[in-house]
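Below, each chain spelled out in residue letters.
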Protein chains: 4
Amino acid sequence: MKILIVYDSRSGNTEKMAYAVMEGVKIAGVEVLLKNIDEASVDELMNVQGLIIGSPVYYGLPTAKIKAFIDDSVKYHGKLDGMVGGAFASAGGIHTGAETTITAINEMLFIHGMIIQGSSGGSHFGAASVGAPDDNVKETCRKLGERVAKLAKKINN
Amino acid sequence: MKILIVYDSRSGNTEKMAYAVMEGVKIAGVEVLLKNIDEASVDELMNVQGLIIGSPVYYGLPTAKIKAFIDDSVKYHGKLDGMVGGAFASAGGIHTGAETTITAINEMLFIHGMIIQGSSGGSHFGAASVGAPDDNVKETCRKLGERVAKLAKKINN
Amino acid sequence: MKILIVYDSRSGNTEKMAYAVMEGVKIAGVEVLLKNIDEASVDELMNVQGLIIGSPVYYGLPTAKIKAFIDDSVKYHGKLDGMVGGAFASAGGIHTGAETTITAINEMLFIHGMIIQGSSGGSHFGAASVGAPDDNVKETCRKLGERVAKLAKKINN
Amino acid sequence: MKILIVYDSRSGNTEKMAYAVMEGVKIAGVEVLLKNIDEASVDELMNVQGLIIGSPVYYGLPTAKIKAFIDDSVKYHGKLDGMVGGAFASAGGIHTGAETTITAINEMLFIHGMIIQGSSGGSHFGAASVGAPDDNVKETCRKLGERVAKLAKKINN
């Protein structure tokens, strides 16, 4: 059982979120592979049971690099059904596109047949930060990682 | 184990879809409760492990009646986490709002902490029809019901 | 030349935003009609050149009352093309659905053939508040009202 | 007065749509610049009053190349306010992401402060095709080009 976290980060904010998401996966007792988008390969998708994608908010969507990763993943289309997915994003301001970015990532993962769980306790669609993640946001990130990992365990039992 | 299907229908098209979704749930061997929105009560949410919502496309979103049902469900907010969700919609034309309607339903269910699975094989976000559902659309609806029921079984094992 | 503002409000937060949006319309020198959803009639749509809708965030979408208003407006479908539109929303928390609510309102107005302008300076899709609107949010609301009014003037010249 | 059309195309379907959109702009008597994404430069944005973007549907969003173009356009952020925008997309199937792709393009343009008009007569958010555009879709594309061009003329009068 392994979860892949792929993130893009310019300022370092999304990277900080990625580390907190990784902690959450570990708390759930699941192995994790953390990859900056520049080092990520879609081939790793064949060896994991979950995929969590993080991106800075660029014009209300994930960055072109993240999009290119997903476009490349068409190579494995139809083979990722039932994998567990998740999303996180860091924005420059409040209500400047974090929700649309996370929602867009979720929709890309749905098209791969993935399984996603929302959250009733705030940051419903995934984890979002405005600027650098504070302690609250880091906790939300940890919970996201934990949620994905626990769900992957249940489903792959 | 029980799945609740709640649908609104004016012309009868969404109702036909609802019956096909119900068949899919039964194929998976799971009990199903089918309710027209006029007879549905949010109290039933406490007795089911899955919720599938169907609506005609009205201005790119579910109908006001469906929205009222979800608004009322705030009564159980925080108690539906981990339930499995799904969505279907019938539109008057191609690309006139079926995707935005289904996506909106999915997002409402995420806010309840529900779990949703996409599909890699077309109609990715849920089942959509243009006008009355033909055999292909009915098959998509059956698959939606089956997908939700199987996932609910796995998760509640 | 007249702009209609229709809003729903439970706690009073969206109402406060509506008043600030109204100020913005007046600053642009355009007449404004402000209506609580309980007193609004779709018939007023025939007498205005712009429509701005405000809602609290309920499950990531406008309230059922706002949705019912738009559903009723089908009576004038095809007669509102070229009207100017706008949206605002108040949420209970950061990134809990304000963007999806505003985006949903925009999409409903698009289906009426309306014209909407984004904003490059934050709160891109419309005006959003977390809880009661502070001075910054009120200024964003005023700018929204002004933007809609000025665009309506240009288009109806 | 000039409108820029930027499109990506693998199979040629989106390119065919782009030519029909171009015809619509010309019908409205406005000059048009048609650019394949591989030859497009964001610098051209400073010389036009409208931007229409077309993309194949890749995982429910525009392609990475289109996204990279918009990411690069941050260079002119704040200088494109009031420009008129539009979107079109070609998908592999019905309800496989054309609406989410068009909606995503519209949202990117909103973040640049652009002005977009919906359509009350079908294909509300922009022009969509399933596979190669047939005569109906080409007519929808022409209307999109005409709508953007006419609105740009009104606004820049």
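The paragraphs below set out a description of the structure included in this document.

Reading guide: rules and limits
- Per chain, residues are indexed from 1 in the order of the written sequence.
- Chains carry letters from A onward and ligands carry numbers from 1 onward, assigned in written order.
- At least 70 in pLDDT is required for a residue's local features to be given in this predicted model, at least 80 for side-chain atom pairs to be given and counted, and no such filter applies to totals for whole chains, interfaces and linings, which use all residues.
- To obtain the side-chain values, all non-hydrogen atoms of the structure were included, while hydrogens and water were left out.
- Working definition: helices are DSSP H or I runs of at least four residues, strands are E runs of at least two. Numbering for both runs from the N terminus.
- Atoms counted for the radius of gyration: C-alpha only. Globule rule: 2.2 Å times residue count to the power 0.38.
- Each residue gets one of three labels from its accessible area relative to the maximum for its type: buried under 20%, exposed over 50%, partly exposed in between, using a 1.4 Å probe on protein chains only.
- By definition, residues are in contact when any of their heavy atoms lie within 4.5 Å.
- Areas reported as accessible are Shrake-Rupley estimates using a 1.4 Å probe. Residue values count occlusion only from the protein chains shown.
- Positive: Lys, Arg. Negative: Asp, Glu. His and the chain ends are not part of the count.
- Think of each charge as sitting on NZ of Lys, CZ of Arg, CG of Asp or CD of Glu.
- Here the quantity called buried area is the accessible surface, traced with a 1.4 Å probe, that two parts lose on coming together, added over both.
- Salt bridge, as used here, is a side-chain nitrogen of Lys or Arg placed within 4 Å of a carboxyl oxygen of Asp or Glu.
- Think of a polar contact as two N or O atoms within 3.5 Å of one another; within protein, one of them needs to be a possible hydrogen donor and the other a possible acceptor, and neighboring residues in sequence only count if both atoms come from side chains.
- Three categories are distinguished: nonpolar for Ala, Val, Leu, Ile, Met, Phe, Trp, Tyr, Cys and Pro, charged for Asp, Glu, Lys and Arg, and polar for the others, with Gly belonging to the last.
- Residues are said to line a cavity or pocket when one of their atoms sits within 4 Å of a point; the points come from a 1 Å grid over protein atoms alone, cavities being sets where a 1.4 Å probe fits but cannot get out and pockets being open sets with protein on both sides within 12 Å along at least five of seven lines.
- Grid points are joined across faces, edges and corners, and a volume is the space filled by probe spheres set on the points.
- The span you would expect from a helix comes to 1.5 Å times its residue count less one.
- To define axes, lines are fitted to C-alpha atoms, for helices over the stretch in contact only, and angles between the resulting N-to-C directions are given on a 0 to 180 degree scale.
- Orientation labels follow simple angle bins: below 35 degrees gives roughly parallel, above 145 gives roughly antiparallel, 65 to 115 gives roughly perpendicular, and whatever is left gives oblique.
- Note: crossing handedness is left-handed where the near helix turns anticlockwise from the far helix by less than a right angle, and right-handed where it turns clockwise.

## Considerations on the overall build of chain A
Step number 1: Check the secondary structure of chain A and you find four helices and six strands.
Step number 2: When the helices and strands of chain A are listed from N to C terminus, the series reads β-α-β-β-α-β-α-β-β-α.
Step number 3: Computed over its C-alpha atoms, the radius of gyration of chain A comes to 14 Å, within 12% of the 15 Å expected for a compact globule of 157 residues.
Step number 4: Principal-axis analysis of the C-alpha atoms places the extent of chain A at approximately 40 × 30 × 25 Å.
Step number 5: Within chain A, buried positions represent 67% of all 157 residues.
Step number 6: Put simply, of all contacts in chain A between residues at least 6 apart along the chain, 81% involve residues at least 24 apart.
Step number 7: Of the roughly 5,300 Å² that chain A leaves accessible, carbon and sulfur atoms contribute 45%.
Step number 8: Side chains of chain A carry 16 positive and 17 negative charges; the gap between the two charge centres is 4 Å.

## Notes on the interface of chain C and chain B
Size of an interface: often given as the accessible area lost when the parts come together.
Step number 1: Contact residues are listed per partner, giving 21 residues for chain C and 21 residues for chain B.
Step number 2: For the chain C and chain B pair, buried surface summed over both sides reaches about 1,600 Å², with 69% attributable to carbon and sulfur atoms.
Step number 3: Contact with chain B buries surface across chain C, with Y59(C), L61(C) and K67(C) losing the most and accounting together for 46% of the total.
Step number 4: Counting every contact that joins chain C to chain B gives zero salt bridges.
Step number 5: Between chain C and chain B we count 10 residue pairs in polar contact (both at pLDDT 80 or more) in total.
Step number 6: For the side of chain C that touches chain B, the elements supplying multiple residues, two or more each, are α2 (64–72) and α3 (98–111) of chain C.
Step number 7: For the side of chain C that touches chain B, a count of residues per class yields 11 nonpolar, seven polar and three charged.

## What about empty space enclosed by the protein?
Step number 1: Evaluated as defined, the whole model comprises 10 cavities of 30 Å³ or more.
Step number 2: For the largest cavity, the calculated volume is near 300 Å³.
Step number 3: Surrounding the largest cavity, 22 residues form its lining, T103(A), E107(A), E107(B), T103(C) and E107(D) being those nearest its centre.
Step number 4: Breaking the lining of the largest cavity down by element, the ones donating at least two residues are α3 (98–111) of chain A, α3 (98–111) of chain B, α3 of chain C together with α3 (98–111) of chain D.
Step number 5: When residues of the lining of the largest cavity are assigned to their parent elements, the largest contribution, five residues, is made by α3(A).
Step number 6: Among the residues making up the lining of the largest cavity, the classes are represented as eight nonpolar, nine polar and five charged.

## Regarding the layout of surface pockets
The gaps of empty space that remain are located by a probe, the size of a water molecule, rolled over the atoms.
All names here are of chain D.
Step number 1: Of the volumes computed, that of the largest pocket is approximately 490 Å³.
Step number 2: Around the largest pocket sit 20 residues that line it, and G121, G122, S123, N136 and T140 are the ones nearest its centre.
Step number 3: Those elements that provide at least two residues to the lining of the largest pocket are β6 (127–130) and α4 (135–155).
Step number 4: Split by residue class, the lining of the largest pocket holds five nonpolar, nine polar and six charged.

## Quick notes on the pattern of salt bridges
A pair can form between side chains of opposite charge whenever their charged atoms are brought close.
Step number 1: Taken as a whole and judged by the stated rule, the model has 28 salt bridges over all chains.
Step number 2: Close ionic contact of D71(C) with K67(C) constitutes a salt bridge, the shortest N to O distance being 2.8 Å. Taken together, the residues span about one helical turn, with D71(C) and K67(C) both in helix α2 at a distance of four residues.
Step number 3: Of the residues examined, D71(C) reaches a relative accessible area of 11% and is grouped as buried.
Step number 4: You can call K67(C) buried: its relative accessible area is 2%.
Step number 5: With a shortest N-O distance of 3.7 Å, E44(D) and K35(D) are connected by a salt bridge. Accessibility classification places E44(D) together with K35(D) in one group, the buried group.
Step number 6: Look at the salt bridges and you will find they share partners, linking E23(A), E139(A) and R142(A) into a network.

## As for α4(D)
The α-helix winds at 3.6 residues per turn, so residues separated by three or four positions along the chain end up facing the same way.
All names here are of chain D.
Step number 1: Here α4 spans 30 Å end to end across 21 residues, near enough to the 30 Å set by a 1.5 Å rise per residue.
Step number 2: Of the residues making up α4, those classed as buried are V137, C141, L144, G145, R147, V148, A149, L151, A152 and I155.
Step number 3: One side-chain oxygen of the residue at the start of α4 lies 3.1 Å from the amide nitrogen of N136, identifying that residue as D134.

## Here we look at the packing of helix α1 (residues 13–27) of chain D against α4(D)
How two helices sit against one another is set out by the angle between their axes and by the gap between those axes.
Residues and elements named next belong to chain D.
Step number 1: α4 packs onto α1 with a crossing angle of 45° between their chain directions and a minimal axis gap of 6 Å. Judged by the angle between their axes, α1 and α4 are oblique. Once α1 is placed against α4, the crossing between them reads as right-handed. Between α1 and α4, the contacting residues are M17, A20, V21, E23, G24, V25 and I27 on the first element and V137, K138, C141, R142, L144, G145, E146 and A149 on the second.

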